[in-house]
Amino acid sequence: MHPSTYVDLSIPISRRAPGVEFEQWLHRDGIRHLSRRIRALPGDSRKDRRRNYWRWLTGARRLRTGDLPDGCFLSNEFYRMSVHQGTHVDAPFHYGPECAGRPAKKVLDLPLDWFRGPGVVLDVRECGGRVTAADVKEALHAAGAEAGPGTVVLFRTDSDLRLGTPAYYTESTAITPEAVDHLLDLGVKVLGTDCWSFDGPARAMVESFYGTRDPAALWPTHLHGRKREFIQIEGLARLRDLPQAGAFTFMAFPVALADAGAAWCRAVAEVH
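Residues numbered from 1 in each chain as written. Predicted model: local features only at pLDDT ≥ 70, side-chain atom pairs only at ≥ 80, totals over all residues. Heavy atoms only, no water.

**Some thoughts on the overall build of the chain**
The number of helices and strands found in the chain is eight helices and 15 strands. The dimensions of the chain, computed from C-alpha atoms along their principal axes, are 75 × 55 × 35 Å. In the chain, which comprises 272 residues, the proportion classed as buried is 44%. Here the contacts in the chain between residues at least 6 apart in sequence split such that 76% fall between residues at least 24 apart. Taking the 35 positively charged and 33 negatively charged side chains of the chain as two groups, their mean positions are separated by 13 Å. (Helix = DSSP H or I, 4+ residues; strand = E, 2+ residues; numbered from the N terminus. Buried < 20%, exposed > 50% of the residue type's maximum accessible area, 1.4 Å probe, protein only. Contact = heavy atoms within 4.5 Å. Lys, Arg positive; Asp, Glu negative; His and termini not counted. Charge placed at Lys NZ, Arg CZ, Asp CG, Glu CD.)

As structure tokens, then:
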């Protein structure tokens, strides 16, 4: 029996990415921060807090470099960013407050078994930037794959090769609502793309709207999630490294964020 190979399909979140605020406490900084934090500890009474705060002010309850091995404590990092940074799962609540007339599911409402299953990669690089139901049928046939309940379908555009450039956002491929519907009709619940969004370039949508005043021009696939329940995983990478037809298991469990319409995930393929 051959051992499995794991392929990381996630995009690392860079501390320098637009919209990301980052702070890091290095090991030698940790002593100073810890000294402040232990002024008050869980379980302290109000009297304890007042006494310990006074002892900290006077220096009697402060940590010094020599109090810890090598003069170091623990590192710590703080990220402030949208839940849509990097590789992430969109829950139905992201699309709207209701889905098919019922309250839309948030991240913690989603069954975990949806996020592990046989994967299928659809190569849609030649679809002209817009994937239709006919394109999905053709790509399934070309891959020699079947999609059904429990299958996770991933759209390969190789957009991740443009990461770090404006083209990543301006040349992405849109997965149309009709393409989504075809897969939902087959029983698929979870779809993924290596683009930044299922809806293609934001600039193109906005310019189309102002040219036509047609509301359907704005994020149509996301808003389609108000009619039919499905999950989008956006910002995947390296789909070109996967076999197309059913020889891998896909996994991408969202981080357990309460009251959130999306969450970061670590997407991985186990290739058998």
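Here the narrative resumes.
**Things to note about the side chain of His 33**
Positionally, His 33 belongs in helix α1 (residues 27-37). Engagement of the side chain of His 33 in a polar contact is seen with the side chain of Trp 25, the distance being 3.4 Å. (Polar contact = N/O pair within 3.5 Å; in protein donor to acceptor, adjacent residues only side chain to side chain.)

**Overview of helix α6 (residues 177-185)**
By the burial criterion, the buried members of α6 are Ala 179, Val 180, Asp 181, His 182, Leu 183 and Leu 184. With its phi angle positive at about 100 degrees, Gly 187 sits one or two positions after the end of α6.

**With respect to a positive patch on the surface**
On the surface, Arg 32, Arg 36, Arg 62 and Arg 64 cluster together into a patch of positive charge. In this structure, Arg 36 sits in helix α1. What makes Arg 36 partly exposed here is its relative accessible area of 42%. (Patch = residues over 30% accessible without salt bridge, like charges linked within 9 Å, V, L, I, M, F, W, Y side chains within 5 Å. Areas by Shrake-Rupley, 256 points an atom, 1.4 Å probe, with all protein chains shown as cover. Salt bridge = Lys/Arg side-chain N within 4 Å of Asp/Glu carboxyl O.)

**A look at the nonpolar core**
In this structure, Leu 9, Leu 154, Ile 233, Leu 236, Leu 242, Phe 248 and Phe 250 are the most contacted members of the largest nonpolar core, which totals 27 residues. Contributions of two or more residues to this core are made by β9 (152-156), β12 (231-234), β13 (245-251) and β15 (268-271). Non-local contacts of Leu 154, meaning those with residues more than four positions away in its chain, are made with Leu 9, Val 120, Val 121, Leu 122, Gly 192, Leu 236, Leu 239, Leu 242, Phe 248 and Phe 250. Counting residues in hydrophobic clusters, the runner-up holds 23 residues, among them Cys 127, Val 136, Leu 184 and Val 188. (Core = buried A, V, L, I, M, F, W, Y, C linked by side-chain atoms within 4.5 Å.)

**What to know about the layout of surface pockets**
In this structure, the largest pocket encloses a volume near 570 Å³. If you trace the largest pocket, you find 24 residues lining it, with His 84, Gln 85, Gly 86, Tyr 168 and Tyr 169 closest to the centre. When residues of the lining of the largest pocket are traced back to their parent elements, those giving at least two are β4 (88-90) and α5 (167-170). Looking at the lining of the largest pocket residue by residue, the classes come out as 10 nonpolar, 12 polar and two charged. For the lining of the second largest pocket, the elements supplying multiple residues, two or more each, are β10 (174-175), α7 (202-212) and α8 (220-224). Element by element, the count of residues in the lining of the second largest pocket is highest for α7, at three residues. Taken together, the residues of the lining of the second largest pocket break down into nine nonpolar, four polar and two charged. (1 Å grid on protein atoms, 1.4 Å probe; cavity = no way out; pocket = protein on both sides within 12 Å on 5 of 7 lines; lining within 4 Å. Points joined across faces, edges and corners; volume = space filled by probe spheres on them. Nonpolar A, V, L, I, M, F, W, Y, C, P; charged D, E, K, R; others polar.)

**Things to note about the pattern of salt bridges**
Side chains that differ in charge, positive against negative, can pair when their charged atoms come close. Going through the model one piece at a time under the given rule, you end up with 15 salt bridges. For Arg 125, the salt bridge identified is with Asp 158, shortest N-O distance 3.6 Å. Note that Arg 125 is positioned in the loop between β7 (116-123) and β8 (130-131) and Asp 158 in the loop between β9 and α5, a separation of 33 residues in sequence. The shortest N-O distance in the salt bridge between Asp 185 and Arg 228 comes to 3.0 Å.

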